[in-house]
Amino acid sequence: GAVVSQHPSWVICKSGTSVKIECRSLDFQATTMFWYRQFPKQSLMLMATSNEGSKATYEQGVEKDKFLINHASLTLSTLTVTSAHPEDSSFYICSAPGQGSQPQHFGDGTRLSIL
Amino acid sequence: AQSVTQLDSHVSVSEGTPVLLRCNYSSSYSPSLFWYVQHPNKGLQLLLKYTSAATLVKGINGFEAEFKKSETSFHLTKPSAHMSDAAEYFCVVSRNTGTASKLTFGTGTRLQVTL
């Protein structure tokens, strides 16, 4: 079964609204989580590393005021896309460091469409 | 610095024939290498991993990959393709075996399986 739960799976909203995406680790604690963005027919690009109890670490070129990350508990990280615009439309995927033999467990992703 | 190059963006095979998805890597350190599969609008599933143990790695669903240091390659193979194998495949490199390590993704190879 899934060990990382991501919600919602699909969001369609108007330009200018803010959208929150949740990433939960199930049955294990994750002090670190990762957020990726994937444009159509492209690879995954790491946006930021979410750290429980401290500020997220953003990759070069990612606007931290645009993509707000909160990791308030050991099982939940959230990504908020603020004032979303059509160019923010993408597939967002989170992951948590793996248990057992897996290097990272991935959520099923969130398809964000901004009209 | 580390990177992976997936040599084919698209591979098409007939059902029942062998599959070969090519990946070359570059790393300043002893790398950990992975293959992930992604079905449409889904997260990523780990197929197999190499972490400096056996160079021939067997994974799930009949896939395997061989780490060849002299060729800096980690090609993914399967003896006989099945329709359900149609998906996007990513070759991934990590700097070390730690689960919180950042992953660097290749650009992906779309596998098409025809009747």
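Described below are features of the structure shown in this document.

Comments concerning the overall build of chain B
Across its full length, chain B holds 0 helices and 12 strands. Listing the helices and strands of chain B from first to last along the sequence gives β-β-β-β-β-β-β-β-β-β-β-β. Taken over C-alpha atoms, the radius of gyration comes to 13 Å for chain B, in line with the 13 Å a tight globule of 115 residues would show. Viewed in the frame of its principal axes, chain B has a C-alpha envelope of about 40 × 30 × 20 Å. Every one of the 115 residues in chain B was classed for burial, and the buried ones make up 43%. Across chain B, the fraction of contacts at a sequence separation of at least 24, relative to all contacts at a separation of at least 6, is 57%.

Some details on the pairing of strand β7 (residues 67–73) of chain A
As a general feature of sheets, a regular strand has side chains that alternate between the two faces. All names here are of chain A. The sheet contact formed by β7 and strand β8 (residues 76–81) spans 5 bridges and is antiparallel. Across the sheet, the residue bridging to Asn70 is Thr78, located in β8. With antiparallel pairing between neighbouring strands as the criterion, β7 and β8 make up a hairpin whose turn holds 2 residues.

Describing the interface of chain B and chain A
Chain B puts 18 residues into the contact, and the matching count from chain A is 22 residues. In this assembly, chain B and chain A are joined by 0 salt bridges. Run the count over chain B and chain A and you get 3 residue pairs in polar contact (both at pLDDT 80 or more). Mapped by element, the contributors of at least two residues to the side of chain B that touches chain A are β5 (32–38), β6 (44–50) and β11 (103–105) of chain B.

Concerning the environment of Leu112(A)
Summarising the element assignment, Leu112(A) is placed in strand β11 (residues 110–114). Residues Leu112(A) and Thr78(A) lie 34 residues apart in sequence; the distance between their C-alpha atoms is 15 Å.

Let's talk about the nonpolar core
Side chains of a nonpolar character, in soluble globular proteins, are inclined to be buried together. Within the largest apolar cluster, 26 residues are counted, with the highest numbers of intra-cluster contacts made by Trp35(B), Leu48(B), Phe74(B), Leu76(B) and Tyr89(B). Counting residues per element, this core draws most heavily on strand β10 (residues 87–94) of chain B, at 4 residues. Ignoring sequence-local partners within four residues, the contact set of Leu48(B) consists of Leu33(B), Phe34(B), Trp35(B), Val57(B), Lys58(B), Gly59(B), Phe63(B), Glu64(B), Ala65(B), Phe74(B) and Leu76(B). Formed by 24 residues, the second largest nonpolar core is a distinct cluster that contains Val19(A), Ile21(A), Ala30(A) and Phe67(A).

Observations concerning the pattern of salt bridges
Opposite charge on two side chains makes pairing possible when the charged atoms of those side chains draw close. Throughout the structure, instances matching the rule amount to 6 salt bridges over all chains. Linking Arg24(A) and Glu22(A) is a salt bridge whose minimum nitrogen-to-oxygen distance equals 3.5 Å. For Glu22(A), a relative accessible area of 24% translates into the label partly exposed. One salt bridge in this structure joins Lys78(B) and Asp85(B), with 2.8 Å as the shortest N-O distance. Exposure remark for Lys78(B): the relative accessible area of 10% places this residue in the buried category.

Calculation criteria
- Residues numbered from 1 in each chain as written.
- Chains lettered and ligands numbered in written order.
- Predicted model: local features only at pLDDT ≥ 70, side-chain atom pairs only at ≥ 80, totals over all residues.
- Heavy atoms only, no water.
- Helix = DSSP H or I, 4+ residues; strand = E, 2+ residues; numbered from the N terminus.
- Rg over C-alpha atoms; globule rule 2.2 N^0.38 Å.
- Buried < 20%, exposed > 50% of the residue type's maximum accessible area, 1.4 Å probe, protein only.
- Contact = heavy atoms within 4.5 Å.
- Pairing = 2+ DSSP bridges.
- Salt bridge = Lys/Arg side-chain N within 4 Å of Asp/Glu carboxyl O.
- Polar contact = N/O pair within 3.5 Å; in protein donor to acceptor, adjacent residues only side chain to side chain.
- Core = buried A, V, L, I, M, F, W, Y, C linked by side-chain atoms within 4.5 Å.

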